[in-house]
Amino acid sequence: MASRMNKEYILSRLSEEYPNTDAVVCRIAELRSRLIRAQPTIHVISDIHGEYKKLRHIVNNGSGSLRFLVDRLFKDELSEDEKNRLLNLVYYPREAFSILTAAIASPEHLSEFVAGVFSQQIVLLRSLSGKYSMEEVREVFPPEVAESFFQIVYGLESSQKSFLEKALAQEYVRYRKAGDLIRLTSHAIRNLLIGELIIAGDFGDRGERIDKVIDFVQKQGNVSITWGNHEGPWIAACLGHDASIATVLRISLRYGRTEQLEEGYGIPLAPLERLVEECYGEDPAARFACKSATDREALLVARMQKAISVLQFKLEGQIIEGRPEYQMGDRSLLKQIDYSAAEVTIDGTVYPLEDSLFPTVDPDNPLTLHPAEQACIESFRAAFLQSSKLWEHMHYVARRGSMYLSRGEVLIFHACVPVDSEGSFLSFEVDGKARSGRELFDALNTVVARAFRDPVEADLDLIWYLWCGPISPWFGKDKMCTFEGYFLADAEVKKETKNAYFKLIHEKDFCQKVLKEFGIESDKGLIVNGHVPVKIEQGESPVKKSGLAVTIDGAFSEAYGDKGYTLVLDSESIYLAQHHHFQSIEEVIRSGEDIIPEVIPVRDFTAPRSYADTQQGSLMQSEIAILEELVTAYRTNALPQRFRGAEN
């Protein structure tokens, strides 16, 4: 009974938008026409790690696909220099226009230049718009020029289109806004070039500015996110979680990325400088040297890094003691130190400490905060909670994100599905229930969303666990050896063992098991994860031996290797675009030094993929089904039809 009433209610509400059979039939026809259209291109990028300049270029050039399109459309019409000029004006319209027009003195020549470039841009717009409905194309056009662009692409005869193109160029030059026309058109091209941008985790850390990465991503048209472990500390920190705040501070100092805190999020480092002055003023902190140059004096930064590291280890130890269900007792290493002998016991083995100065640690109560540490973390907690920009960014990442995504037969997540050596899904307790596989991912989705509504300690601790816990789908290792890296010389004790998932994805049966667990029952399914950099220089392939799994972490960050991959899901194929070092915007414009990726085929489709093969297509099919029921309701007079004007 309830189901019938719900259906009647849905049909009644739909009838308000489609008041008669003609309106419904037209909508069904529109949806069916979209189902057979080629699917828009999806670009998947992971492990950006703060490299906002490189990310901007790769997104602007469509992971190299825009160059391929220009080569195809203007093969015999433009020289290589002219193609580069057009590409630069699409990639960086503001900067390129300023450089390329600096020597053009007369308005007539400028008008001719703008008209020529604008005409070429329109050719790109028309080509790219073929994958979209007119409604979708109109939505991505900048509102200032939407109607004119729509007329040029769709609404006018050829001669009229040409006239409007020239008239727009002339008027924009006349009113000294020519650069704006090029910029607005470039923006529309880039919006059509990438139908959906998926960031598969790890926005920040190591690279320059997580804040600028998220600023840029927010400006893109259609963005989806799967969270990675490096999102964990930032999300929990913005909600006031002390251990995560300390982690964010430590990593920012380790890589010399303090501008993202001070300039980007308005979080001053003065509380940490006070802690250093009070407690670490004589500490050489030799093992805590910053990995990049900073404006601060090197020794001060090293001491700051050591001070926040010790504070982090204390706060983490408190969580570990309070959450025995995490089974991380062996990672509370401050409690395993013999301070008089300057030794630490790890997994039953005693190791000498390379640095035995712990001015804020009470050997009898090693996890208790020193008064100066307590004041420091309280100051930072207030600063993190008061940063509206940080809240906006992390709320965006949480709102647009999830533990996993599926696009057709492609399953995307950041790191792994935790399994044992036999490939059985490992369980972890969430909300009082042991969960594994997809159920674990779904439960963690709920935790992250809930934390933003009501940031209770248990949920924030769990988000911290996802950063470094042994059964975390974001982390995928047995331990995080931060303490060992700072304080021990033995290389063996610093090794982090990857979850068996990363070995098993070379096996077809295992990949099919994972795909089936997440609702993809197909021999042609594909698992996509990042997190673990592909060792390209050692001959490792991103495409696993099973043929059903791909790793797209190609060491995007300069600190990791300065390469990187985009996985491109196109209507005709799936391929990897392998990137390399990006110099600068100026270098691209002046010398044409583009990031031209090496293309690695992953899969070719026997027939082009259409909207019908996508998740969006499944939603369209569902809409068609309910609309057909509305037609039946009209034909049987279960619902009255409404018409405007006379019914003749």
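## Details of unusual backbone geometry
1) Next: Here the phi dihedral of Asp 202 falls at roughly 65°; this positive angle occurs in a residue that is not glycine.
2) Next: Tracing the sequence through the fold places Asp 202 in the loop between β2 (196-199) and α12 (210-218).
3) Next: At Ala 342, a residue that is not glycine, the phi angle is positive and equals roughly 55°.
4) Next: Within the secondary structure layout, Ala 342 lies in the loop between β4 (337-338) and β5 (343-346).

## Some remarks on the pairing of strand β14 (residues 565-569)
1) Next: Within β14, five of the five residues are buried, which leaves it mostly tucked inside the rest of the structure.
2) Next: Along β14, one buried face is formed by Tyr 565, Leu 567 and Leu 569 and the opposite face, lined by Thr 566 and Val 568, is buried too.
3) Next: Bridge count for strand β1 (residues 42-45) against β14 is four bridges, and the pairing is antiparallel. In the sheet register, Val 44 faces β14, and the bridge partner there is Leu 567.
4) Next: Pairing between β14 and strand β15 (residues 573-578): five bridges, direction antiparallel. Residue pairing in the sheet places Thr 566 in a bridge with Ala 577 of β15.

## As for the sheet that holds strand β7 (residues 401-402)
1) Next: With mixed pairing, seven strands are arranged side by side in an open sheet as β7-β3-β2-β1-β14-β15-β16. Strands at the two margins of the open sheet, each flanked by one partner only, are β7 and β16 (598-604).

## Points about the nonpolar core
1) Next: One finds Phe 384, Met 394 and Trp 464 to be the most contacted residues of the largest nonpolar core, which totals 129 residues.
2) Next: Ranked by residue count, the leading element in this core is helix α17 (residues 298-322), at eleven residues.
3) Next: Setting aside chain neighbours within four positions, we find Met 394 in contact with Ile 210, Ile 214, Trp 234, Ile 235, Cys 238, Tyr 265 and Phe 452.
4) Next: One finds Phe 97, Leu 192, Met 620 and Leu 639 within the second-largest nonpolar core, a separate group that totals 60 residues.

## Quick word on helix α5 (residues 80-91)
1) Next: If you check α5, its first and last C-alpha atoms are 16 Å apart, about what twelve residues at 1.5 Å a residue would give, namely 16 Å.
2) Next: Taken residue by residue, α5 has Lys 83, Asn 84, Leu 86, Leu 87, Asn 88, Leu 89, Val 90 and Tyr 91 as its buried positions.

## Some remarks on the packing of aromatic side chains
1) Next: Following the criterion strictly, the structure yields 24 aromatic pairs and no others.
2) Next: On the basis of an interplanar angle of 70° and a centroid distance of 5.6 Å, the ring pair of Phe 288 and Phe 487 is categorised as edge-to-face. Residue Phe 288 is located in the loop between α16 (270-279) and α17, and its partner Phe 487 is located in helix α22 (residues 482-487); the two are separated by 199 residues in the primary sequence.
3) Next: Residue class for Phe 288 comes out buried when judged on its relative accessible area of 0%.
4) Next: An angle of 75° between the planes, with centres 4.9 Å apart, marks the rings of Tyr 404 and Phe 518 as edge-to-face. Linking Tyr 404 in strand β8 (residues 404-407) with Phe 518 in the loop between α24 (508-517) and β12 (526-529), this pair joins segments that are 114 residues apart in sequence.

## Let's talk about helix α21 (residues 457-468)
Since one α-helical turn is 3.6 residues long, residues separated by three or four positions face the same way.
1) Next: Its twelve residues give α21 an end-to-end C-alpha distance of 17 Å, which sits within 8% of 16 Å, the value for a rise of 1.5 Å per residue.
2) Next: The element α21 is extensively covered by neighbouring structure, given that ten of its twelve residues are classed as buried.
3) Next: For α21, the set of buried residues is Asp 459, Leu 460, Asp 461, Leu 462, Ile 463, Trp 464, Tyr 465, Leu 466, Trp 467 and Cys 468.
4) Next: Buried positions along α21 lie against α13 (231-238), α14 (242-254), α17, β10 (428-430) and α20 (437-453).

## Let's talk about the environment of Val 59
1) Next: Along the chain, Val 59 turns up in helix α3 (residues 52-60).
2) Next: Overall, Val 59 belongs to the buried group, its relative accessible area being 5%.
3) Next: Sequence-wise, Val 59 and Ser 292 are 233 residues apart; in three dimensions their C-alpha atoms are separated by 26 Å.
4) Next: With residues near it in sequence (within four places) discarded, Val 59 still touches Ile 45, Ile 194, Leu 197, Phe 216 and Gln 220.

## Observations concerning the sheet that holds β4
Sheet strands associate in pairs through backbone hydrogen bonding, adopting either a parallel or an antiparallel arrangement.
1) Next: As summarised here, the arrangement of the three strands in space is β4-β5-β6, forming an open sheet in which the pairing is antiparallel. Where the open sheet ends on each side, the last strands, each with one partner, are β4 and β6 (349-352).
2) Next: Across two bridges, β4 lies against β5 in antiparallel orientation. Following the sheet pairing, Ile 337 is matched in β5 by Val 344.

## Topic: the environment of Leu 444
1) Next: Mapped onto the secondary structure, Leu 444 falls in helix α20.
2) Next: Residues Leu 444 and Ser 472, 28 residues apart in the sequence, show an inter-C-alpha distance of 10.0 Å.
3) Next: Excluding residues within four positions of it along the chain, Leu 444 makes contact with Met 403, Val 430, Leu 462, Leu 466 and Pro 473.

## Overview of the side chain of Thr 566
1) Next: Here Thr 566 lies in strand β14.
2) Next: Under the relative-accessibility criterion, Thr 566 is labelled buried at 0%.
3) Next: One polar contact links Thr 566 to His 579, side chain to side chain, over a distance of 2.8 Å.

## Looking at the pairing of strand β3 (residues 223-226)
1) Next: Residues of β3 alternate between two faces, with Val 223 and Ile 225 on one and Ser 224 and Thr 226 on the opposite face, all of them buried.
2) Next: In this sheet, β3 lies alongside β2 in parallel orientation, the contact comprising three bridges. Its bridge partner lying in β3, Leu 197 is registered against Val 223.
3) Next: The parallel pair β2 and β3, bridged by α12, forms a crossover whose chirality is right-handed.
4) Next: Where β3 and β7 come together, two bridges link them in parallel fashion. Pairing of Thr 226 across the sheet is with Ser 402, part of β7.

Analysis parameters
- Residues numbered from 1 in each chain as written.
- Predicted model: local features only at pLDDT ≥ 70, side-chain atom pairs only at ≥ 80, totals over all residues.
- Heavy atoms only, no water.
- Helix = DSSP H or I, 4+ residues; strand = E, 2+ residues; numbered from the N terminus.
- Buried < 20%, exposed > 50% of the residue type's maximum accessible area, 1.4 Å probe, protein only.
- Pairing = 2+ DSSP bridges.
- Core = buried A, V, L, I, M, F, W, Y, C linked by side-chain atoms within 4.5 Å.
- Contact = heavy atoms within 4.5 Å.
- Expected span 1.5 Å × (residues − 1).
- Phe/Tyr/Trp six-rings, centres within 6.5 Å; stacked < 30°, edge-to-face > 60°.
- Polar contact = N/O pair within 3.5 Å; in protein donor to acceptor, adjacent residues only side chain to side chain.
- Right-handed = clockwise from strand over helix to strand, strands pointing away.

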